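# Structural characterization, general
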Amino acid sequence: MIDVESSLATGAPEVVLAAGLLVLLLVGAFQGDRAADGISWGGVLLLVAAAVPLFDQEPARTLAWGGLYVADALSRYLKLLVFAGAAAALLVAMPALRRQAIARFEYPLLVLFATLGMALMVSAHDLLTLYLGLELMSLSCYVLAAFDRCDARSSEAGLKYFALGALASGVLLYGVSLVYGFVGATGFDAIAQAVRGEGRSLGVVAGLALVLAGLAFKISAVPFHMWTPDVYQGAPTPVTAFLATAAKVAAFGLLLRVVVGAFGALAADWRQIVVFLSLASMALGAVGAIGQTNAKRLMAYSAITHMGFALIGLAPGTAQGAQAVLLYLTVYLVMTFGAFLCLLSLVGPDGAAREELADLAGLARTRPGLAAALAIFMLSLAGLPPLFGFMPKLAVFAAAVEAGLWPLAVAGVLATVVAAFYYLRVVKLLYFDPPAGVGSAQVDEGVAPILMLAAASFSSPLGFLLLGPLSAAGQAVARALF
Amino acid sequence: MLSAMILLPLVGAAVVGLLGDAVRARWVALLTTLAVLGLALGLWAGFDTSTAAFQYVERAEPFGGLFSWHLGIDGIGLVLILLSAFLMPFAILAGWESVRERVPEYLAAFLVMEAFIIGVFAALDLILFYVFFEAGLIPMYLIIGVWGGKRRIYASYKFFLYTLLGSVLMLLAMIWMVREAGTTDIPALMAHDFPLSAQRWLWLGFFASFAVKMPMWPVHTWLPDAHVEAPTAGSMILAGVLLKMGGYGFLRFSLPMFPEASAEFVGLVFALSMVAVVYTSLVALAQEDMKKLIAYSSVAHMAFVTGGLFALNTQGLEGAMFVMVSHGLVSAALFFCVGVVYDRLHTREIARYGGLATNMPRYALFFLLFTLASIALPGTSGFVGEFLALMGIFSASSLAGVVMATGVILGAAYMLWLYARVAYGRIVHDDVRAMPDLKPREWAVMLPLAASVLWLGVNPGPVLAPVRAPVESLMARLVERGVVADASLSPARATGAG
């Protein structure tokens, strides 16, 4: 029997988000694109309002909606990250979209729909909730990718994302049905209980593998990464920033919950898959990025590599590993978003966005502040001390070493060296090369410079000072999971 | 005090970066480095040389307990911090006029570098050490890449990726150590006994990093490229201080933490050092570029350091420390000497010069002094270090001693030949004849460096006294672990060597 009242209270973030979203939708329907800015700001306020209940929830794990939905430390942590990422994506998008003449009111609404999906994902406690959240996010993201509908690349990105994403969803659903067929339940608790005892059968393992494949597509782990470079490049840059940050974090959080929460007893089975995904992602991501000439494609390969690194932390299936993954996702979100902020403010003299790497040449002379920020993000993404991006790498390597997964740790550090090459290449373009004369136009960027400064400070050595609260939060999550 | 020495250059860098005005930036940078030097002298004045314990210890926990801001120095750290703080003002002066582009950024990079260097020598937390150790790569990458020569981009990548590859292997070893010992505290780790089977791997992990940093043959190839392309001041700091991080690493980590493994790998280190001395000396003989020649000579000198360290006796260790200090001063001075003529003629090709003693007698005098110091003439700092190191190496292995002693002869050959080609003979080129002698700014660099080289040559106490206690405690640990029978030659005889 579902206790609606307490379920509503437990699911307050989603309830607030969904209700506010409908109001904003109505405003958009009546006011049209004139209200785009207002809706965007309304969306930010809505996200803040949805985040408020997260702070006064019971610290203990609470189930709601008959066990379909869970509120625990993990869901709260990830929701905060996702809401922050979505709010940032809303805050900086409008000026950029206006330059491309696509500042329509649907943008903030679609971002909010996707965010609602992500919130459901990270609170999923049942394979069906999982699927529901995942599809809400994915469908919104497909549309977002094709948001510049007059642009062939954007449309291609949307279509490609949709076609491959639909395939991945199919695979995932097939896995879900297999698991249900062999376990007889879709709830995570029931699955965990079943596989702990006699429930481990070939069918469950096959189902698990298919579910993992579907989720690997969402985090663009190799070999399910094909869509990433094309979608990143084709989608409007604010959308890419959203896909690269909030969407990745939500999908990875979901992956964490599924493998550790539901299938924790099958660690020996899924570990092989995760190790393979991790090795392949690091290798292909690091090598694939070297030849790129487009900054957004570079960021796509960067994302693939980083997902490989984060998977190192997942592979041990330990509390320490989970904690490392959370730190990784947090820092990755900020660094990546910061890098996209820099790309967003790269505008040529003709007012059009510039996104070729060659356009970055000599930026240190024409726009020193922007160049310094981008250099910080790149070096931090490379995981080089003393920048904060080093810390999550150290954490995942330590988790792997602790679990005796030496091949992963060694491959990880080698991939770090290879990846350092292409991040350094960006720094080289910014600082060593003569100015290319583009990307130097000053434009109205709204609140972007403030966010950029905040993200750069976080990615800089100052970030180390936040390790205390971050690791305390991570420990709380790890306690909730194990 | 140590925190202040790390933070002060960073503040200076921020001020310099925000000034945007070249002249004021230079003065602020110079004053900052002088202030740091003042603090370093203060450390020295208050230092107790009778104990091997870490002094000026500071401890704070701003990193959530994952690792700590734990600083402190023993005699080894003190000497290397003094060396770094002493060289930095000269590095700033070296680029005073020759660097004209993006001056504030250039100076800020040097100041940031200074902070990281001091951090490396002062860190008493493993992770903190690694952060500082790696962090130095970024400003150096920028210094080579932005203000370097023609092949600067190739050289900067090579420098960065080479060093990074070595260091990440050390990082894995560090992670394992922290897991095994349950602490990131360096003093605690120095007293921890790791099992021998693990020690081998850990030693190799650290070796990968320090061997590249030193650099040891055959992983030295980044150094000539980096030196040739780096601006003068960059070379001075690279040769003067950055290479010492490798030797410091062996002394601080490899020997005390993995004594058994160190003893097992003595043969490897000796073999590499012997090859390095002979091979790189011969390579240096064949160079036509002044900077490249001095770069190869650095590799040869660093081989005395590795040889001395792994002789595992008091003389060897003290000698290695002294070679590091002496080479820091001498190689920085030699690179500055190259810089002086490069600023005038814009070429480093040896054949383009000749006869400088005629029209630049004062320059030639200083150049001669540093050349002689480089070949370890008695009376210069070079002699004390190489003599002690060779004595230590000889008592450990007479074969290694003999082979490495030839390095001294070869060193004399290439350095004197370099000097002869540059300073002696008749002046052939008119533009060489037109070169003016030293300017006041160049005097300001040459004089203190020359004075310190001579002073340490006749009075090695300032280096040997602080180093004595930590070296003795390291030897005591090696004896306690049964790695060496006793400290072999008595410390008293070593003092007489100066």
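Described below are features of the structure shown in this document. (Residues numbered from 1 in each chain as written. Chains lettered and ligands numbered in written order. Predicted model: local features only at pLDDT ≥ 70, side-chain atom pairs only at ≥ 80, totals over all residues. Heavy atoms only, no water.)

Before going further, it helps to examine the interface of chain A and chain B. By a widely used convention, the size of an interface equals the accessible area lost when the partners come together. Counting residues at the interface gives 35 residues for chain A, matched by 32 residues for chain B. One can count 2 salt bridges joining chain A with chain B. The partner of R179 of chain B in a salt bridge is E402 of chain A, and the shortest N-O contact between them spans 3.5 Å. Broken down by class, the residue content of the side of chain A that touches chain B amounts to 27 nonpolar, 3 polar and 5 charged. (Contact = heavy atoms within 4.5 Å. Salt bridge = Lys/Arg side-chain N within 4 Å of Asp/Glu carboxyl O. Nonpolar A, V, L, I, M, F, W, Y, C, P; charged D, E, K, R; others polar.)

So, about the nonpolar core. In this structure, Y107 and F263 of chain A together with F129 and F370 of chain B are the most contacted members of the largest nonpolar core, which totals 403 residues. If near-sequence neighbours (up to four positions away) are discounted, F370 of chain B is found in contact with V330, A333, L334, C337, M446, L449, A450 and V453 of chain B. (Core = buried A, V, L, I, M, F, W, Y, C linked by side-chain atoms within 4.5 Å. Buried < 20%, exposed > 50% of the residue type's maximum accessible area, 1.4 Å probe, protein only.)

On to the packing of aromatic side chains, then. All names here are of chain A. By the definition in use, this model includes 47 aromatic pairs over all chains. When the centroid spacing of 5.8 Å and the interplanar angle of 65° are considered together, the rings of Y107 and F147 count as edge-to-face. Here Y107, found in helix α5 (residues 106–122), pairs with F147, found in the loop between α6 (127–145) and α7 (152–183); they are 40 residues apart in sequence, far enough to count as distant. A relative accessible area of 0% places Y107 in the buried class. One residue, R104, lies across the ring of F147, its end atom 4.7 Å from the ring centre. (Phe/Tyr/Trp six-rings, centres within 6.5 Å; stacked < 30°, edge-to-face > 60°. Helix = DSSP H or I, 4+ residues; strand = E, 2+ residues; numbered from the N terminus. Lys NZ or Arg CZ within 6 Å of the ring centre and 35° of its normal.)

Residue and element names in this part refer to chain B. Along the chain, E97 turns up in the loop between α3 (75–94) and α4 (103–122). Judged by relative accessible area, E97 falls into the partly exposed class, the value being 31%. Look past the residues within four positions of E97 in its chain and what remains in contact with it is K439 and R441. Of note is the side chain of E97, whose polar atom sits 3.2 Å from the side chain of K439. A polar contact of 3.4 Å, which involves the side chain of E97, links it to the side chain of R441. (Polar contact = N/O pair within 3.5 Å; in protein donor to acceptor, adjacent residues only side chain to side chain.)

Residue and element names in this part refer to chain B. Relative to the helices and strands, D289 resides in the loop between α14 (266–285) and α15 (290–310). A residue is classified by how much of its surface remains accessible, and D289, at 17% relative accessible area, is buried. The sequence separation of D289 and V228 amounts to 61 residues, and the corresponding C-alpha distance is 8.2 Å. With residues up to four places along the chain from it excluded, the contact list for D289 reads V228, R348 and I350. At 3.2 Å, the side chain of D289 forms a polar contact with the backbone nitrogen of K292.

Next up on the list: the side chain of K218 of chain A. All names here are of chain A. When you line up the elements, K218 lands in helix α9 (residues 202–218). The buried charged residue K218 lacks any salt bridge, with E135 as its nearest oppositely charged partner at 5.1 Å. Among residues more than four places away in sequence, those in contact with K218 are L134, M137, S138, Y142, G165, S169, W227, K248 and A251. (Lys, Arg positive; Asp, Glu negative; His and termini not counted.)

Moving on, we get to the side chain of T237 of chain A. Residue and element names in this part refer to chain A. When you line up the elements, T237 lands in helix α11 (residues 237–262). Under the relative-accessibility criterion, T237 is labelled buried at 8%. A distance of 3.2 Å separates polar atoms of two side chains, one belonging to T237 and the other to K296. Those residues in contact with T237 that lie beyond four places of it in its chain are K296, F340, L344 and E355.

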